[in-house]
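Structural overview for review
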Amino acid sequence: MTLFPEVVRAVLDSSITGRAQAAGYIKINTYNIRDYSKDKHRRVDDTPYGGGRGMLMAPQPIYDCYQAILKECAPDEKRRVIYLSPKGKVFTQETAKRFAGYDRLILLCGHYEGIDQRVLDLIVDEYVSIGDYVLTGGEIPACVVVDCVSRLIDGVLPAAECYESESLTDGLLEYPQYTRPPVFMGIPVPEVLLSGNHAKIDNWRRERAIEITRLMRPDLLGKKVCAADDESGGEGDKTAAGDEKSDIETE
Ligand code: ADE
């Protein structure tokens with residue numbers, strides 16, 4: 001639910017989330033709150049009672065938009081209504097994993113100076129912030145949440161291993177990675193990576209992950225750190241992420 005569906009569509013219809021929609025792994029609907037305004041000028045905002053700066057989003061268009069969405073929902077589906085707001089708990093990889101367990105997430109994007117509290121109290125299950133700073137609206141945060149949750153959905157990325165060993169999934173930041181050439185600007189790739197010894201390589205990567213986490217985000221080390229999980233997913237599946245060799249987006 002947004003006043004700027006084109007912003008959300010521009011981001012989420014491209015790259016991996018775009019392909020994941022085309023392949024049917026995820027479905028992203030955008031609803032323009034303005035379409036539900038009963039005002040003759042399609043207004044969606046009004047001045048705050050009690051005075052104060054700026055305009056507020058009025059409750060009626062949001063409430064009616066939400067009711068229209070509910071008509072599309074199966075009665076037994078597991079869904080959650082999320083309001084993107086700096087007042088929310090900060091979104092983390094753990095939140096993303098929890099959200100991936102729902103059949104449907106309904107994201108409400110605010111604008112102006114906020115939203116009439118009554119409609120928030122009526123429809124919202126959870127407030128979510130993407131960080132301790134204030135943006136002009138909830139669209140970018142909504143894209144962050146949808147992008148992050150989508151890549152946890154089966155089929156969206158090539159194989160489970162793509163996100164099993166990456167930054168933050170096991171409570172550590174990702175180890176440094178290298179590709180060809182073996183020497184670039186006089187700097188060689190760490191020798192162990194060319195050794196073919198996978199036990200040694202895993203060990204080296206774990207050590208580098210701990211080192212980089214200690215350096216960049218020591219606060220993460222106080223949190224849960226699990227043993228490296230070595231389960232690998234099936235390869236060669238067709239996925240929304242596209243060809244294994246061209247994971248870097250060039251479109
Ligand atoms: N809307 C404005 N700022 C925000 C933030 N930091 N997180 C989520 N929604 C927001």
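Residues numbered from 1 in each chain as written. Predicted model: local features only at pLDDT ≥ 70, side-chain atom pairs only at ≥ 80, totals over all residues. Heavy atoms only, no water.

Some words on the site of the ligand
As a reminder of what qualifies: Being near a molecule or strand, for a residue, comes down to having at least one heavy atom within 4 Å of it. Think of a polar contact as two N or O atoms within 3.5 Å of one another; within protein, one of them needs to be a possible hydrogen donor and the other a possible acceptor, and neighboring residues in sequence only count if both atoms come from side chains. Calculation of accessible area relied on Shrake-Rupley with a 1.4 Å probe; when residues are assessed, cover is drawn exclusively from the protein chains displayed. Starting at the N terminus, helices and strands are each numbered in turn, a helix being any DSSP run of H or I of at least four residues and a strand any DSSP run of E of at least two. Classification used: nonpolar for Ala, Val, Leu, Ile, Met, Phe, Trp, Tyr, Cys and Pro, charged for Asp, Glu, Lys and Arg, polar for all others including Gly.
Leu84, Ser85, Pro86, Val128, Ser129, Ile130, Gly131, Tyr133, Val134, Leu135, Gly137 and Pro141 make up every residue found near the ligand. Within the backbone of Ile130, a nitrogen or oxygen atom sits 3.0 Å from a nitrogen atom of the ligand. A distance of 3.1 Å is found between a nitrogen atom of the ligand and a backbone nitrogen or oxygen belonging to Gly131. Its free accessible area being 260 Å², the ligand has 96% of it covered by the protein chains. For the shell around the ligand, the secondary-structure elements that each account for two or more residues are strand E3 (79–90) and strand E5 (126–129). Element by element, the count of residues in the shell around the ligand is highest for E3, at 3 residues. The class makeup of the residues in the shell around the ligand is 8 nonpolar, 4 polar and no charged.

Thoughts on the pairing of E3
To be explicit about the condition: Strand pairing requires that DSSP identify at least two bridges connecting the strands. Place the viewer so that the strands point away; then a crossover is right-handed whenever the path from the first strand over the helix to the second strand goes clockwise.
The pairing of E3 with strand E4 (residues 104–109) spans 6 bridges and is classified as parallel. In the strand pairing of E4, Arg80 is matched with Leu105. You can see the chain leave E3, run along helix H4 (residues 93–99) and come back into E4, and the turn it takes is right-handed. As paired elements, E3 and E5 share 5 bridges and run parallel to each other. The partner of Ile82 across the bridge, within E5, is Glu126.

Description of the pattern of salt bridges
Applied cut-off: By salt bridge we mean one thing: a side-chain nitrogen of Lys or Arg within 4 Å of a carboxyl oxygen of Asp or Glu.
In the structure shown here, the tally under the stated rule is 13 salt bridges. Between Arg42 and Asp35 there is a salt bridge, with its nearest N and O atoms 3.1 Å apart. Residue Glu113 pairs with Arg53 through a salt bridge whose shortest N-O separation is 3.5 Å. Of this pair, Glu113 sits in the loop between E4 and helix H5 (117–123) while Arg53 sits in the loop between strand E1 (45–46) and strand E2 (56–57); the two residues are 60 residues apart in sequence, bridging distant segments of the chain. Each of Glu77, Arg79 and Arg104 takes part in salt bridges that share partners, so that together they form one network.

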